[in-house]
Amino acid sequence: MRSSRDQRDSLVLGRVIGDVLDHFERSVTLRITYDASSSSSSGSSSTGREVTIGGELKPSQVVNQPRVDIGGRDLRTFYTLVMVDPDAPSPSDPNLREYLHWLVADIPATTGASYGQELVCYESPRPSVGIHRFVFVLFRQLGRETVFAPGWRQNFNTREFAELYNLGDPVAATYFNCQRETGSGGRRRP
């Protein structure tokens, strides 16, 4: 397992810290796994693909919402999970930054996102231009039912959202890179 400092350095190198978040100290484990059965039939096993900081996943591997496992010690502590794309619609012109792909609140510690309240349904990544970063951020809530859904997905701002709901600094974050799969779509000439 990577140390908190290694993870933070990887978030800095990937410009997640800077573009999406300020510096923070990880204090809770966050594990995100995409089910391999959602990927194309290329002989994948059914174990799934765990998101590693800065790793690469294909759009066909992230069609369905992932399994999210959250650490912690006390079921009376609740968390909010945010998934954004700071590179929408393209890394060279991210004028929709940050695009909100998923928002789940009221997740009890030691459980996963499926035990929380989905406020914005999962929208699978479909980047059309360039390599996009898809960032997962976990915040500790002050109490249950204290976070509400925004009215939009585009131009979401994780920092402002955290400030609005008094979420403080993130307790964990990770991201993966994703780009359009080559040879997908379009007509082939005979």
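Everything below is about the structure printed above this text.
These notes cover the structure that comes with them. Residue positions are given per chain, counting from 1 as you read along its sequence in written order. For this predicted model, a pLDDT threshold of at least 70 governs which residues receive local features, and a threshold of 80 or more governs which side-chain atom pairs are given and counted, while totals over whole chains, interfaces and linings are taken from all residues. Calculation of side-chain values draws on the structure's entire complement of heavy atoms; hydrogens and water are dropped beforehand.

Here we come to the sheet that holds strand β7 (residues 117–120). Whether parallel or antiparallel, the strands of a sheet pair through hydrogen bonds between backbone atoms. By definition, two strands form a pair when at least two bridges between them are found by DSSP. We count a stretch as a helix when DSSP gives it H or I for four or more residues in a row; a strand needs E for two or more, and each element gets its number in order from the N terminus. Strand order in the open sheet formed by six strands is β3-β9-β8-β5-β6-β7, with mixed pairing between adjacent strands. Pairing within the sheet leaves two strands with one partner each, and these edge strands are β3 (55–56) and β7.

On to the environment of Asp87, then. Following the sequence through the fold, Asp87 ends up in the loop between β5 (78–85) and β6 (99–108). Working definition: with a 1.4 Å probe on protein chains only, accessible area under 20% of the residue-type maximum means buried, over 50% means exposed, and in between means partly exposed. When its relative accessible area of 2% is taken as the criterion, Asp87 is described as buried. Each C-alpha atom, one on Asp87 and one on Arg133, is 6.5 Å from the other, the two residues being 46 residues apart in sequence. Whether two residues touch is decided by their heavy atoms; if any such pair falls within 4.5 Å, the residues are in contact. Excluding residues within four positions of it along the chain, Asp87 makes contact with Pro94, Arg97, Ile131, His132 and Arg133. Pairs of N or O atoms are called polar contacts if they sit within 3.5 Å, as long as, within protein, a hydrogen donor faces a hydrogen acceptor (for residues adjacent in sequence, only side-chain-to-side-chain pairs). At 2.7 Å, the side chain of Asp87 and the backbone nitrogen of Arg133 are in polar contact.

Quick look at unusual backbone geometry now. Residue Pro89 is bonded to the preceding Ala88 through a cis peptide linkage, with omega at -5°. Residue placement: Pro89 occurs in the loop between β5 and β6. In this structure, the amide linkage connecting Arg97 to the following residue, Glu98, adopts the cis form with an omega of -15°. Along the chain, Glu98 turns up in the loop between β5 and β6. Of note in this structure, Arg15 is not a glycine but carries a positive phi near 60°. Looking at where Arg15 falls in the secondary structure, it is placed in the loop between α1 (4–13) and α2 (16–19).

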